[in-house]
Amino acid sequence: MPMRRNTTRGKIRPKISTMPRQKSEAAAFLDIYKLVVEKKRLQQELQSMDERRQQICDRIVVLDQQIDHLEGTVQQMRDVSQQDPNAPKLTTRPAPLTSDTFETLFLEY
(Lines give C-alpha, C1' and ligand atoms only; values in the text may rest on other atoms or scores of the structure.)
Protein backbone atom coordinates (compact mmCIF):
# COMPACT_ATOMS: atom_id res chain seq x y z
CA MET A 1 0.00 0.00 0.00
CA PRO A 2 1.54 3.33 -1.01
CA MET A 3 2.25 5.82 1.70
CA ARG A 4 0.24 9.00 1.59
CA ARG A 5 1.45 12.40 2.60
CA ASN A 6 0.03 13.45 5.92
CA THR A 7 -1.68 16.66 4.87
CA THR A 8 -4.30 18.50 6.77
CA ARG A 9 -7.75 17.91 5.39
CA GLY A 10 -9.40 21.12 4.47
CA LYS A 11 -10.72 23.05 1.57
CA ILE A 12 -10.02 21.51 -1.85
CA ARG A 13 -8.15 24.18 -3.75
CA PRO A 14 -8.55 24.60 -7.52
CA LYS A 15 -5.56 24.15 -9.79
CA ILE A 16 -4.04 27.50 -10.69
CA SER A 17 -2.42 28.29 -14.03
CA THR A 18 0.93 30.02 -13.78
CA MET A 19 0.19 32.27 -16.75
CA PRO A 20 -3.05 34.23 -16.76
CA ARG A 21 -4.91 33.94 -20.05
CA GLN A 22 -6.44 36.80 -21.94
CA LYS A 23 -10.18 37.03 -21.55
CA SER A 24 -11.74 35.40 -24.57
CA GLU A 25 -14.48 32.97 -25.44
CA ALA A 26 -11.91 30.20 -25.90
CA ALA A 27 -10.42 30.87 -22.46
CA ALA A 28 -13.89 30.76 -20.89
CA PHE A 29 -14.60 27.41 -22.58
CA LEU A 30 -11.25 26.10 -21.37
CA ASP A 31 -12.13 27.13 -17.81
CA ILE A 32 -15.53 25.46 -18.14
CA TYR A 33 -13.86 22.29 -19.40
CA LYS A 34 -11.37 22.26 -16.52
CA LEU A 35 -14.17 22.74 -13.98
CA VAL A 36 -16.24 19.95 -15.54
CA VAL A 37 -13.23 17.60 -15.48
CA GLU A 38 -12.55 18.41 -11.82
CA LYS A 39 -16.23 17.91 -10.95
CA LYS A 40 -16.24 14.53 -12.71
CA ARG A 41 -13.06 13.47 -10.87
CA LEU A 42 -14.52 14.47 -7.51
CA GLN A 43 -17.77 12.62 -8.24
CA GLN A 44 -15.79 9.49 -9.13
CA GLU A 45 -13.79 9.87 -5.92
CA LEU A 46 -17.01 10.15 -3.91
CA GLN A 47 -18.41 7.06 -5.63
CA SER A 48 -15.28 5.04 -4.85
CA MET A 49 -15.42 6.22 -1.23
CA ASP A 50 -19.08 5.13 -1.02
CA GLU A 51 -18.16 1.72 -2.46
CA ARG A 52 -15.30 1.35 0.03
CA ARG A 53 -17.60 2.37 2.89
CA GLN A 54 -20.11 -0.27 1.81
CA GLN A 55 -17.36 -2.92 1.67
CA ILE A 56 -16.30 -2.00 5.21
CA CYS A 57 -19.90 -2.13 6.48
CA ASP A 58 -20.43 -5.52 4.82
CA ARG A 59 -17.25 -6.85 6.43
CA ILE A 60 -18.35 -5.60 9.84
CA VAL A 61 -21.65 -7.45 9.43
CA VAL A 62 -19.77 -10.67 8.59
CA LEU A 63 -17.46 -10.21 11.58
CA ASP A 64 -20.43 -9.66 13.89
CA GLN A 65 -22.00 -12.88 12.61
CA GLN A 66 -18.76 -14.81 13.13
CA ILE A 67 -18.37 -13.38 16.65
CA ASP A 68 -21.95 -14.36 17.52
CA HIS A 69 -21.41 -17.86 16.12
CA LEU A 70 -18.17 -18.37 18.05
CA GLU A 71 -19.71 -17.02 21.27
CA GLY A 72 -22.53 -19.55 20.79
CA THR A 73 -19.97 -22.30 20.26
CA VAL A 74 -18.14 -21.31 23.44
CA GLN A 75 -21.41 -21.33 25.37
CA GLN A 76 -22.20 -24.82 24.03
CA MET A 77 -18.74 -26.01 25.09
CA ARG A 78 -19.32 -24.58 28.58
CA ASP A 79 -22.67 -26.34 28.80
CA VAL A 80 -21.12 -29.65 27.74
CA SER A 81 -18.14 -29.24 30.10
CA GLN A 82 -20.48 -28.54 33.02
CA GLN A 83 -22.20 -31.87 32.36
CA ASP A 84 -18.89 -33.75 32.08
CA PRO A 85 -17.19 -33.93 35.53
CA ASN A 86 -13.79 -34.80 33.97
CA ALA A 87 -13.73 -31.77 31.65
CA PRO A 88 -11.53 -28.83 32.65
CA LYS A 89 -13.50 -25.97 34.17
CA LEU A 90 -13.57 -22.61 32.44
CA THR A 91 -15.29 -20.22 34.78
CA THR A 92 -14.08 -16.81 33.68
CA ARG A 93 -13.58 -15.14 30.36
CA PRO A 94 -9.87 -14.71 29.53
CA ALA A 95 -8.56 -11.16 29.77
CA PRO A 96 -8.06 -9.48 26.39
CA LEU A 97 -4.50 -8.98 25.24
CA THR A 98 -3.28 -5.42 25.50
CA SER A 99 0.04 -3.74 24.96
CA ASP A 100 0.45 -3.81 28.76
CA THR A 101 0.51 -7.62 28.60
CA PHE A 102 3.84 -7.69 26.77
CA GLU A 103 7.26 -6.63 27.95
CA THR A 104 9.64 -4.87 25.61
CA LEU A 105 13.19 -6.18 25.39
CA PHE A 106 15.98 -4.27 23.67
CA LEU A 107 19.03 -6.14 22.44
CA GLU A 108 22.21 -4.36 21.47
CA TYR A 109 24.90 -6.02 19.43
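The structure reproduced in this document is the subject of the present report. (Residues numbered from 1 in each chain as written. Predicted model: local features only at pLDDT ≥ 70, side-chain atom pairs only at ≥ 80, totals over all residues. Heavy atoms only, no water.)

**Regarding the overall build of the protein**
A count of helical and extended segments in the protein gives 1 helix and 0 strands. For the protein, buried positions account for 3% of its 109 residues. Counting only carbon and sulfur atoms, one obtains 58% of the accessible surface of the protein, whose full area is about 12,000 Å². (Helix = DSSP H or I, 4+ residues; strand = E, 2+ residues; numbered from the N terminus. Buried < 20%, exposed > 50% of the residue type's maximum accessible area, 1.4 Å probe, protein only. Areas by Shrake-Rupley, 256 points an atom, 1.4 Å probe, with all protein chains shown as cover.)

**Things to note about the pattern of salt bridges**
All told, the structure shown has 1 salt bridge when counted by the stated rule. Between Glu-45 and Arg-41 there is a salt bridge whose closest N-O contact spans 3.4 Å. Of this pair, Glu-45 and Arg-41 are both found in helix H1 (residues 25–83), 4 residues apart, which corresponds to roughly one turn of the helix. (Salt bridge = Lys/Arg side-chain N within 4 Å of Asp/Glu carboxyl O.)

**Topic: a nonpolar patch on the surface**
A surface patch of nonpolar side chains, amounting to about 300 Å² of accessible area, comprises Phe-29, Ile-32 and Val-36. Turning to its location among the elements, Val-36 is positioned in helix H1. What makes Val-36 partly exposed here is its relative accessible area of 48%. (Patch = residues over 30% accessible without salt bridge, like charges linked within 9 Å, V, L, I, M, F, W, Y side chains within 5 Å.)

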